[in-house]
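If you want the building blocks of each chain, they are given just below.
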Amino acid sequence: MSEAIGYELLGDIAILAANNPPVNALGHAVRQGLADGMTRAEAEGARAVLIYGTGRTYFAGADIREFGKPPRDPWLPELCNRIEASPLLVVSAIHGTALGGGLEVALSTHYRIAVPSAKVGLPEVHLGILPGAGGTQRLPRVAGTEAALDMITTGRHVRADEALKLGVIDRIAEGEPREIGLAYVRELLDEGAPRRPVSEMPAPASVDFDAVYDAVLKKGRGQLSPATAVRAVQAAAEAPSFAEGLKRERDLFMELMATDQREGLIHAFFADRAVDKLPELEGVAPRPLAAIGVIGGGTMGAGIATAALLSGLTVTMLEMSPQAAEAAKGRIEGNLSGALKRGKLSQAQFEALTTKALTLATDYDALREADLVIEAVFEDMEVKKQVFTKLDAVCKPGAVLASNTSYLDINEIAAVTSRPQDVLGLHFFSPAHVMKLLEVVIADKTAPDVAATGFALGKRMGKVSVRAGVCDGFIGNRILSVYRTCADHMILDGASPYQIDEALEEFGFAMGPFAVADLAGLDIGWAVRKRKRAEGLDPRARDSAYADKLCEAGHFGQKTGKGYYDYAAGAKARVPNPEVMPLIEAERAQQGITPRDFSKDEIVRRYMAAMVNEAAKVVGEGIARRPLDVDVTLLYGYGFPRYRGGPLKWADLQGLPQLLADIKRWAAEDAYFWQPAPLLEKLVAEGRTFDDLNKEAV
Ligand code: TC6
């Protein structure tokens, strides 16, 4: 027997207890242990087998770390068939999460009991694959085709009460999994319950699978796994036998295993879990957090205050006047009422948050007792310096002082205080109570426990926190400004904003860059361009004024009704604003540019190469600690398609030599813009990838 599965014979019941922390993943030792345990139970005269997990969960799935490695017997599909075919009565007792291969094992046992807090699901599509151990064949047989399609294509976790209604589990009971499981097995044996193999149940009903396939493919914006899973469920309904259905599932599973999407999604899974693991913060205790202050109650400040309130912190909102403070409160209430409508907050909780937990103030004195203060005022260095000078004067010793600036130098801000060790950047993304990304910007003098407090705050708010160093734009906005510039260059040379948006949306971005600019407000980019011009542009940099002219005409995007698009018919209609192309054409004529055609492929290649090249500079300079930090930033803050893993995973999958060759070729037309990143050149010269750097760093 393997140590990963404990075996015990209690009277006529054999107990197989999984012991593979932290999540009882079904790695080789666990599979072998289960197979051996079944054989031993049958040989030792047991009448029934109980399977459960020790520790925090039943099996949370196949061991994802084994994917891509040579398979080792017994395979999970065979193991599931072997468990189901046993002459003994086999029962699962589920607690924690029965996910993926875990639920497939449970569906191969003859009865399932769960504790009330248990959840079940088939989340494989989020890893770019489909349930490959009979899940697409067994789940529709117990829950019906429609429920199975929903669970398998969304991958959602289903609570025990819903699972009971759907027939995925047979009973819910309070208690320890071993105890409730044993009582259930005893009851089943006493009443002479028969074995109940799901594979022997009638095939589920057929539905219009082609229509479901099309709808799922469209919703996934190019992600293959959910749509492919529809075809596997179709086989459950239409294949001539259960075995034929399993074979079809296997073939589709293997198809998906071989895709870049599978690699991208699994990279994203592990990057999510690695991103806040920083050796320099290991064992560093964060400072205590209970009360925070937010300065500035505009969209961003109100969003941050909302996130803080929802995470159980008390918030003092500081504004310039009582009227502005009331307006900020209105924004916070507006944000919270969204949570109220979605049932995430009760009316009583809503009232407690907006009255007891939130205090309005106009005097800095109100921040005297705050554990942490986040400044979200106007993006101007002088204004920020005034704010931090005042904070330095009033805040208690040890209070963390944070700026939400998206571009400005945190070192310069920290230098106006007498306590630069307590200062850091906490860069939220708007709307801050919705967007998952938080850049924790560590300045030269930021103390380790202050950095740890930034991560602790992010965790408490449910954010994905990425460590960033100080530079113009930190990780995300610095890279954004370069790939946006690349898009602007393509426009000057002949592409239209609409072609660029279309090409990038086909690539998988939620929205193209020009639709995003309209949503964020064109005045933001305008202010950045003005600042950069005032600081002095390099004479070799290409510049253009058509976007400024759009702003001068009062078109700031969605909020003014017009930007690159005209919003009279709604955002979804995507009607180009007819004023845009004449402005672009006039600019080309003025610069003496003869426009040329761009294919969608060229648009994507240039845009992505610009992104990857700048990202490599960001990693090379230590602004991002590892390539995966860039990937996570773009995935959570910039709508990068998760199934491509992030820009640097995408680059690895494309092949770095070809990307570098493209950049060098384009440097012949614009040597200033296309300067190859030293790190990219180094990796190509050494025949290595960005992921090699991730592995070395973790
Ligand atoms: C499948 O089953 C396919 C079957 C077909 C076969 C033919 N494997 O998330 P946490 C690690 S596909 C390996 O922080 P939580 C994780 O990396 C699989 N490792 O905990 C982390 O390690 P670290 C279908 C795994 O309490 C540690 O466990 N199943 C796996 O916030 C703790 O994880 C899924 O997709 C795994 N399967 O959430 C479920 N799962 O400490 C994926 C976790 O070294 N897992 N680890 O960083 C989850 O969704 C969550 O982990 C959770 C627990 C809800 C189980």
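Residues numbered from 1 in each chain as written. Predicted model: local features only at pLDDT ≥ 70, side-chain atom pairs only at ≥ 80, totals over all residues. Heavy atoms only, no water.

By the naming in an unreviewed UniProt entry, the protein goes by Short chain enoyl-CoA hydratase /3-hydroxyacyl-CoA dehydrogenase and is assigned to Ruegeria marina. Quoted straight from UniProt, the Subcellular location (unreviewed entry) entry for the protein says "Peroxisome". (UniProt positions renumbered as here; feature names shortened; annotations may be inferred.)

Participant: Could you give me a rundown of the nonpolar core, with the residues and numbers involved?
Facilitator: If you look at the biggest cluster of nonpolar residues, it comprises 103 residues, and the most contacted ones within it are Leu391, Tyr564, Val630 and Phe690. Broken down by element, this core gets its largest block of residues, 12 residues, from helix α24 (residues 600-620). Once residues lying within four places of it in the same chain are set aside, the contact partners of Phe690 are Val612, Ala616, Pro627, Leu648, Ala651, Asp652, Leu656, Leu679, Leu680 and Leu683. By size, the runner-up hydrophobic cluster in this structure holds 87 residues, among which are Ala118, Leu139, Tyr184 and Met257. (Core = buried A, V, L, I, M, F, W, Y, C linked by side-chain atoms within 4.5 Å. Buried < 20%, exposed > 50% of the residue type's maximum accessible area, 1.4 Å probe, protein only. Helix = DSSP H or I, 4+ residues; strand = E, 2+ residues; numbered from the N terminus. Contact = heavy atoms within 4.5 Å.)

Participant: Describe the packing of helix α25 (residues 627-637) against helix α26 (residues 647-654), with residues and values.
Facilitator: Two measures define how a pair of helices packs: the angle their axes make with one another and the distance between the axes. Here α25 crosses α26 at 115°, and the two axes come no closer than 7 Å. Taking contact as the criterion, the partners of Pro627, Val630, Asp631 and Leu634 in α25 are, on α26, Pro647, Leu648 and Lys649. Each residue belonging to the contact of α25 with α26 can be placed in one class, and the counts come to 5 nonpolar, no polar and 2 charged. (Axes fitted to C-alpha atoms, helices over the stretch in contact; angles between N-to-C directions. Nonpolar A, V, L, I, M, F, W, Y, C, P; charged D, E, K, R; others polar.)

Participant: Talk me through the sheet that holds strand β6 (residues 111-114); I want residue IDs and the actual numbers.
Facilitator: Strand order in the open sheet formed by 6 strands is β1-β2-β3-β4-β6-β9, with mixed pairing between adjacent strands. Every other strand in the sheet has two partners, leaving β1 (5-10) and β9 (171-172) as the edge strands with one partner each. Pairing between strand β2 (residues 13-18) and strand β3 (residues 48-53): 6 bridges, direction parallel. Along β3, the bridge assignment pairs Ala17 with Tyr52. (Pairing = 2+ DSSP bridges.)

Participant: How would you explain unusual backbone geometry if you had to name every residue and give the values?
Facilitator: Residues Pro21 and Pro22 are joined by a peptide bond in cis, for which omega reads 5°. Residue Pro431 is bonded to the preceding Ser430 through a cis peptide linkage, with omega at -5°. Tracing the backbone shows Pro431 in the loop between β15 (423-428) and β16 (437-442). Non-glycine residue Asn24 carries a positive phi angle of around 55°. Within the fold, Asn24 resides in the loop between β2 and α1 (28-43). Here Asn24 falls in the buried class, since its relative accessible area comes to 3%. Positive phi outside glycine occurs at Arg221, with the angle close to 45°.

Participant: How would you explain the pairing of β3 if you had to name every residue and give the values?
Facilitator: Among the 6 residues in β3, 6 count as buried, and that is most of the element. Once the chain exits β2 it traverses α1 before rejoining the sheet at β3, and the crossover so formed is right-handed. Sheet topology places β3 next to strand β4 (residues 89-94); 5 bridges connect them, and they run parallel. By the bridge assignment, Leu50 is partnered in β4 with Val91. Handedness of the β3-helix α2 (residues 76-85)-β4 crossover: right-handed. (Right-handed = clockwise from strand over helix to strand, strands pointing away.)

Participant: Just give me the short version of the pattern of salt bridges, but keep the residues and values in it.
Facilitator: On inspection of all chains with the given rule, the structure shows 56 salt bridges. One salt bridge in this structure joins Arg31 and Glu66, with 3.0 Å as the shortest N-O distance. Taken as a pair, Arg31 in helix α1 and Glu66 in the loop between β3 and α2 lie far apart in primary sequence, 35 residues in all. Given a relative accessible area of 7%, Arg31 falls into the buried group. Measuring nitrogen to oxygen at the nearest pair gives 2.8 Å for the salt bridge that ties Arg596 to Glu602. Taken together, the shared-partner salt bridges connect Asp12, Arg47, Arg186 and Asp190 into one network. (Salt bridge = Lys/Arg side-chain N within 4 Å of Asp/Glu carboxyl O.)

Participant: Go over the site of the ligand with me, naming the residues and quoting the values.
Facilitator: Around the ligand lies a shell of 27 residues, among which Arg56, Ala62, Gly101, Arg273 and Lys277 are the nearest. At a separation of 2.9 Å, a nitrogen atom of the ligand approaches a polar backbone atom of Ala60. One of the side-chain N or O atoms of Lys277 is found 2.7 Å from an oxygen atom in the ligand. In isolation the ligand exposes 1,000 Å². Once the protein is present, 76% of that is buried. With 3 residues, helix α11 (residues 260-274) is the single largest residue contributor to the shell around the ligand. Here the residues of the shell around the ligand are counted per class, giving 15 nonpolar, 5 polar and 7 charged. (Near = heavy atom within 4 Å. Polar contact = N/O pair within 3.5 Å; in protein donor to acceptor, adjacent residues only side chain to side chain. Areas by Shrake-Rupley, 256 points an atom, 1.4 Å probe, with all protein chains shown as cover.)

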